[in-house]
Amino acid sequence: MTKDELMKRAIQLSIENVENGGGPFGAVIAKDGEIIAEGVNRVTSSCDPTAHAEVSAIRMACSKLGTFDLSGYEIFTSCEPCPMCLGAIYWAHLDRMYYGNTKTDAKNIGFDDSFIYDELELKPQDRKLPSEILLHREALKAFQAWTDKTDKIEY
């Protein structure tokens, strides 16, 4: 399939998902024009705030391929990803991303993620979500164990 055909599939998934009661988002992961995995927004149907189209497609691709590293693959998503999905795309090491709608388009229909981008720019103590460091020394023990581990699988 061509890039345009892969994007059309992501868009088709987003439209079908609206018709089936979900959010207007779809994503496709492909390699060399072949679809490896697809995902749609299932936040409300699965009661899972992380069940965005991109994350769902990444989970499916990784499960199918038996790897956490999607180097060599591309993602086609019906909308510019939110901060969570963008982070997941980077963590999955996808080679390239294509998107249809922009984050401004999403904002215009009520999916506004700008507050998260704004919060990320602030120091933790200045964010709307109260947070504090707790049991730092105890928590560092896991990091030291990781540092000392000789047979770890790095990612």
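Refer to the structure above for everything that follows.
What counts, and at which threshold
Residues numbered from 1 in each chain as written. Predicted model: local features only at pLDDT ≥ 70, side-chain atom pairs only at ≥ 80, totals over all residues. Heavy atoms only, no water. Helix = DSSP H or I, 4+ residues; strand = E, 2+ residues; numbered from the N terminus. Buried < 20%, exposed > 50% of the residue type's maximum accessible area, 1.4 Å probe, protein only. Contact = heavy atoms within 4.5 Å. Lys, Arg positive; Asp, Glu negative; His and termini not counted. Charge placed at Lys NZ, Arg CZ, Asp CG, Glu CD. Patch = residues over 30% accessible without salt bridge, like charges linked within 9 Å, V, L, I, M, F, W, Y side chains within 5 Å. Areas by Shrake-Rupley, 256 points an atom, 1.4 Å probe, with all protein chains shown as cover. Salt bridge = Lys/Arg side-chain N within 4 Å of Asp/Glu carboxyl O. Core = buried A, V, L, I, M, F, W, Y, C linked by side-chain atoms within 4.5 Å. Phe/Tyr/Trp six-rings, centres within 6.5 Å; stacked < 30°, edge-to-face > 60°.

### A look at the overall build of the chain
A tally of regular secondary structure across the chain gives 7 helices and 4 strands. Beginning at the N terminus, the succession of helices and strands in the chain can be written as α-β-β-α-α-β-α-β-α-α-α. By its C-alpha atoms, the chain is 50 × 40 × 25 Å across when sized along the principal axes. With 155 residues in all, the chain has 30% of them scored as buried. Contacts spanning at least 24 positions in sequence make up 47% of the contacts within the chain whose residues lie at least 6 apart. For the chain, the distance from the average position of its 17 positive side-chain charges to the average position of its 25 negative side-chain charges is 3 Å.

### As for the side chain of Ser78
Within the secondary structure, Ser78 is located in strand E3 (residues 74–79). You can call Ser78 buried: its relative accessible area is 3%.

### Side note on a nonpolar patch on the surface
A surface patch of nonpolar side chains, amounting to about 510 Å² of accessible area, comprises Phe68, Trp146, Ile153 and Tyr155. Looking at where Tyr155 falls in the secondary structure, it is placed in the segment after helix H7 (136–148).

### As for the pattern of salt bridges
By the definition in use, this model includes 3 salt bridges. For Arg9, the salt bridge identified is with Glu38, shortest N-O distance 2.7 Å. Taken together, the residues Arg9 in helix H1 (residues 3–19) and Glu38 in strand E2 (residues 34–40) connect sequence positions 29 residues apart. With a relative accessible area of 23%, Glu38 lands in the partly exposed category.

### A short note on unusual backbone geometry
Even without glycine at this site, Asp32 takes up a positive phi of about 50°. Here Asp32 is to be found in the loop between strand E1 (26–31) and E2. The exposure class assigned to Asp32 is exposed, which follows from its relative accessible area of 76%. Unlike most non-glycine residues, Cys47 shows phi in positive territory, near 55°.

### A word on the nonpolar core
Counting 18 residues, the largest nonpolar core has Ile29, Ile58, Ala61, Leu70, Tyr73, Ile75 and Leu94 as its most contacted members. Residue assignment for this core shows that the elements contributing at least two residues are E1, E2, helix H3 (53–65) and E3. No other element matches H3, which puts 5 residues into this core. Excluding its chain neighbours within four sequence positions, the residues that come into contact with Ile58 are Ile29, Leu70, Ala88, Ile89, Ala92 and Leu94. One finds Leu6, Ala10, Leu13 and Ala30 within the second-largest nonpolar core, a separate group that totals 9 residues.

### Here we look at the packing of aromatic side chains
In this structure the tally under the stated criterion is 4 aromatic pairs. Measuring from ring centre to ring centre gives 4.9 Å for Phe25 and Phe111, while their planes differ by 90°; the resulting arrangement is edge-to-face. Residue Phe25 is found in the loop between H1 and E1, and its partner Phe111 is found in the loop between helix H5 (103–108) and helix H6 (114–120); the two are separated by 86 residues along the sequence. For Phe111, a relative accessible area of 35% corresponds to the partly exposed category. Taken together, a centroid distance of 6.0 Å and an interplanar angle of 70° make the contact between Phe68 and Tyr155 edge-to-face. Taken together, the residues span a long stretch of sequence, with Phe68 in the loop between H3 and E3 and Tyr155 in the segment after H7 at a distance of 87 residues.

Keep in mind these values describe shape, not function.
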